[in-house]
Amino acid sequence: MSLLSSLIKADDCAGCRLCCWFTRYDLWETPVIDDALRDIILERYPETKFVSKERGGSLFVMKESPQTDPKYAYQPERYNCPMLDENGCKLADDKPFECQIWPYRIMSQEGKLLISLSLLCKPILENSFSSIVSLLKSGLAEKIIAHSKMHPSIIKEYTDGYPILMYIK
Ligand code: SF4
């Protein structure tokens, strides 16, 4: 079951896929792939290309997109994740942890860790603010923190415009 199933329906996710498209300005948002997942992907899709990250893990080399969906027409230079096909994410339940928790993000702000929210995920924003925070408090935050300890390269630098939901002590 999805980590966010109490807030978003699988069909809403599958029909949107906004988090699998990037512009040149948000390539920093692309998911970090840990070494074990990279091996799985290379076994299934040997043509996949990666770049290594300094603090561990890898990023996909994104493909410039032929996307013609009008909802993206205002954004030039679009890229899509190589794991995205017409049926959605080819990795299904094996998708990267950051994709499993998006639009929640773990970030660092002047040395302090925090969990924030991307405001681009419309289905999640249909929930009340209290239910978005409650999900974090009912175990999701612990999972995010535990994963970030094992894979610190998923921690992004804080960027203005991301509401901060909680600081991590
Ligand atoms: S790995 Fe899957 S869920 Fe994550 S960005 Fe790529 S296609 Fe989307």
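This report concerns the structure included in the present document. All values reported here derive from a predicted model rather than from experimental measurement.

The next thing to look at is the overall build of the chain. For the chain, the count of helices and strands is five helices and 12 strands. What you see for the chain is a C-alpha radius of gyration of 16 Å, in line with the 15 Å of a compact globule of 169 residues. By principal-axis analysis of the C-alpha atoms, the chain measures approximately 40 × 35 × 30 Å. Among the 169 residues that make up the chain, the fraction classed as buried is 42%. When the accessible surface of the chain is split by element, carbon and sulfur atoms take 53% of a total near 10000 Å². Of the charged side chains in the chain, 21 are positive and 23 negative; the average position of the first set lies 3 Å away from that of the second.

What follows deals with the nonpolar core. Y104, I115, L136, L140 and I144 are the most contacted members of the largest nonpolar core, which totals 25 residues. Contributing elements (two or more residues each) for this core: α3 (97–101), β9 (104–109), β10 (112–117), α5 (129–150) and β12 (164–168). Within the second largest apolar cluster, 12 residues are counted, among which are F60, M62, Y79 and L91.

Here we take up the sheet that holds strand β11 (residues 156–157). Spatially, four strands are ordered β11-β9-β10-β12 in an open sheet, and the strand pairing comes out mixed. Edge strands, defined here as strands with exactly one partner in the open sheet, are β11 and β12. With two bridges joining them, β9 and β11 adopt parallel strand pairing. Bridge pairing in β11 places S108 opposite E157.

To continue, consider the environment of R38. Checked against the element boundaries, R38 lands in helix α2 (residues 35–44). By relative accessible area, which is 24% here, R38 ends up partly exposed. A sequence separation of 22 residues divides R38 from F60, and the C-alpha atoms of the two residues are 9.5 Å apart. Contact partners of R38, with chain neighbours within four places excluded, come to I33, F50, S52 and S58.

Within the fold, S116 resides in strand β10. By relative accessible area, S116 is classed as buried at 0%.

About the cut-offs
- Residues numbered from 1 in each chain as written.
- Predicted model: local features only at pLDDT ≥ 70, side-chain atom pairs only at ≥ 80, totals over all residues.
- Heavy atoms only, no water.
- Helix = DSSP H or I, 4+ residues; strand = E, 2+ residues; numbered from the N terminus.
- Rg over C-alpha atoms; globule rule 2.2 N^0.38 Å.
- Buried < 20%, exposed > 50% of the residue type's maximum accessible area, 1.4 Å probe, protein only.
- Areas by Shrake-Rupley, 256 points an atom, 1.4 Å probe, with all protein chains shown as cover.
- Lys, Arg positive; Asp, Glu negative; His and termini not counted.
- Charge placed at Lys NZ, Arg CZ, Asp CG, Glu CD.
- Core = buried A, V, L, I, M, F, W, Y, C linked by side-chain atoms within 4.5 Å.
- Pairing = 2+ DSSP bridges.
- Contact = heavy atoms within 4.5 Å.

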